[in-house]
Amino acid sequence: MNLYTAALFIGSLASVTAFAPSILTHRSVSSLNIVVGDDMHVAEKVKAVFANSPETDADFEKLVRSNFPGALSNKDLVSRVVDTLALKGYSGSNTLLATSFCCDELARQLEDDFNGIYGNNFNLGGLAGFPFAGNTGFGAMAAHIPDDGYCILAYGPHVGITADGTVGKVERSGINLVDNCCGSAIAASNYVGGITEGGAQVTTRLQEFTDFQQGAVQELILPHGRRLSDAENRMVELPYALYESQDMLMSEIIKTGSTGLKRGVARLGGVQINTGPDTLDYFVPLRFDFMNYRGEIVEDMLSSLKE
């Protein structure tokens with residue numbers, strides 16, 4: 001299955017995850033109950049959102065960036081995104097936050113950070129961050145954008161990194177085991193590796209409803225098999241390969257549903273980096289565009305997120 005065919009397949013699927021509420025994590029700040037439509041200045045909101053977050057660890061941040069150049073802490077990312085969009089008229093009262101991140105509870109952290117600014121999010125994502133809600137979910141989301149308002153759409157895969165710099169693993173609160181992150185992506189990578197390096201056969205698991213999302217993840221990164229095999233660090237390369245497939249799918253979905261976007265959508269795509277309980281999470285921004293109601297890119301805003 002090529003990526004275009006997969007895009008059409010997933011675009012036709014409606015997922016119950018599109019209507020799932022955000023799940024709070026141990027670092028969540030949603031309990032601050034910063035309500036949509038209040039009069040707090042955006043800079044004050046950002047400060048309140050991160051009031052209880054871990055302090056920046058300069059040595060760890062250097063370690064993260066040595067593996068993922070251009071990574072920003074969630075605090076820096078949210079601050080810059082909010083400042084940039086405020087100049088375009090985005091506020092808590094006229095903006096709907098939509099996300100497509102993995103089901104993993106660690107992926108909720110960035111959602112929660114943006115929730116403190118824009119309110120609850122509409123969830124388009126499934127395993128590994130793919131937009132399994134498809135065209136149906138996107139259409140429902142667009143219908144929820146405030147009248148004469150905006151949308152911010154944040155999406156991408158996630159990857160873990162431990163305190164000692166091991167990529168593809170992460171420490172989790174309350175669990176002694178240093179766990180895989182992203183488990184779905186790693187399982188798909190192992191599947192693709194078996195095929196690329198010989199011995200394994202392409203399966204038909206995409207047809208199995210009880211695990212169709214994982215089957216789709218496997219097929220969607222299959223074209224990246226040689227790239228992953230040739231990578232110096234497969235776990236570092238994996239989220240970038242996943243992102244390219246997800247970005248392509250999101251482009252197809254937006255193209256189909258763009259007429260419902262009202263005043264426009266800010267499209268923020270990249271790689272989410274999850275860390276242990278005592279350090280900040282990070283994000284590598286790879287796309288930050290402003291698109292009009294026709295789904296056309298009218299401004300590339302990525303430079304506003306650069307150091």
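Residues numbered from 1 in each chain as written. Predicted model: local features only at pLDDT ≥ 70, side-chain atom pairs only at ≥ 80, totals over all residues. Heavy atoms only, no water.

> Can you explain the side chain of Thr 162? Please cite residues and give values.
If you trace the backbone, Thr 162 turns up in the loop between strand 5 (158–160) and strand 6 (169–172). Not counting the four nearest positions on each side in its chain, Thr 162 is found in contact with Phe 60, Leu 63, Lys 169, Val 170, Glu 171 and Val 178. (Helix = DSSP H or I, 4+ residues; strand = E, 2+ residues; numbered from the N terminus. Contact = heavy atoms within 4.5 Å.)

> Outline the state of the cysteines, supporting the account with residue identities and numerical values.
Per the stated rule, a full pass over the model turns up zero disulfides. The structure places no disulfide on Cys 181, whose sulfur is separated from the nearest cysteine sulfur, that of Cys 182, by 6.3 Å. Cys 182 forms no disulfide, and the closest cysteine sulfur to it belongs to Cys 102, at a distance of 4.0 Å. (Disulfide = S-S within 2.5 Å.)

> Give a detailed account of the packing of aromatic side chains, specifying residues and quantitative values.
Per the counting criterion, the structure on display carries seven aromatic pairs. Ring centres of Phe 130 and Phe 132 lie 6.2 Å apart, and the angle between their planes is 55 degrees; this geometry places the pair in the tilted category. Each member of the pair, Phe 130 together with Phe 132, is buried. One aromatic cluster is present, formed by Tyr 90, Tyr 150 and Phe 290 through successive ring pairs. Over the ring of Phe 290 we find Lys 88, and its NZ or CZ is 5.1 Å from the ring centre. (Phe/Tyr/Trp six-rings, centres within 6.5 Å; stacked < 30°, edge-to-face > 60°. Buried < 20%, exposed > 50% of the residue type's maximum accessible area, 1.4 Å probe, protein only. Lys NZ or Arg CZ within 6 Å of the ring centre and 35° of its normal.)

> How would you summarise the pattern of salt bridges if you had to cite specific residues and measurements?
Scanning the model with the defined rule gives 14 salt bridges in all. Linking Asp 104 and Arg 172 is a salt bridge whose minimum nitrogen-to-oxygen distance equals 2.7 Å. Placement of Asp 104 in the loop between strand 2 (95–100) and helix 5 (108–118) and of Arg 172 in strand 6 is noted, with a sequence separation of 68 residues between them. Exposure remark for Asp 104: the relative accessible area of 13% places this residue in the buried category. Residue class for Arg 172 comes out buried when judged on its relative accessible area of 9%. With a shortest N-O distance of 3.1 Å, Arg 227 and Glu 244 are connected by a salt bridge. Of this pair, Arg 227 sits in helix 9 (residues 225–230) while Glu 244 sits in helix 10 (residues 234–257), and the two are 17 residues apart along the sequence. With a relative accessible area of 25%, Arg 227 lands in the partly exposed category. (Salt bridge = Lys/Arg side-chain N within 4 Å of Asp/Glu carboxyl O.)

> Talk me through the confidence of the model for the protein; I want residue IDs and the actual numbers.
The predicted model of the protein has a mean per-residue pLDDT of 87, with 83% of residues at 70 or higher. Below a pLDDT of 50 lies the segment residues 13–37, which in the model reaches 64 contacts outside its immediate sequence neighbourhood of four places, other chains included. (pLDDT = per-residue confidence, 0-100.)

> Which residues make up the pairing of strand 7 (residues 175–180), and what values go with them?
One ladder, built from three bridges, connects strand 6 with strand 7; its direction is antiparallel. The partner of Val 170 across the bridge, within strand 7, is Asp 179. Hairpin connection from strand 6 to strand 7: two residues lie between these consecutive antiparallel strands, with Gly 174 at a positive phi of about 80 degrees. (Pairing = 2+ DSSP bridges.)

> Any details on the pairing of strand 10 (residues 297–300)? Residues and values, ideally.
Where a strand is regular, its side chains alternate between the two sheet faces. Here three bridges tie strand 9 (residues 282–291) to strand 10, and the two strands are oriented antiparallel to one another. Bridge pairing links Asp 289 to Asp 300 in strand 10. Between strand 9 and strand 10, which pair antiparallel in sequence order, lie five residues; one of them, Gly 295, sits at a positive phi of approximately 80 degrees.

> Go over the side chain of Glu 111, please, and point to the residues and values.
Checked against the element boundaries, Glu 111 lands in helix 5. Polar side-chain contacts of Glu 111 include one of 2.7 Å to the side chain of Arg 108. (Polar contact = N/O pair within 3.5 Å; in protein donor to acceptor, adjacent residues only side chain to side chain.)

> Explain the environment of Gln 246 residue by residue, including any values.
Assignment of secondary structure puts Gln 246 in helix 10. In this structure the C-alpha to C-alpha distance between Gln 246 and Val 217, which are 29 residues apart in sequence, comes to 9.8 Å. Excluding residues within four positions of it along the chain, Gln 246 makes contact with Ala 128, Gly 129, Phe 130, Gly 156 and Pro 157. Among the polar contacts listed, one links the side chain of Gln 246 to the backbone oxygen of Ala 128, at a separation of 2.8 Å.

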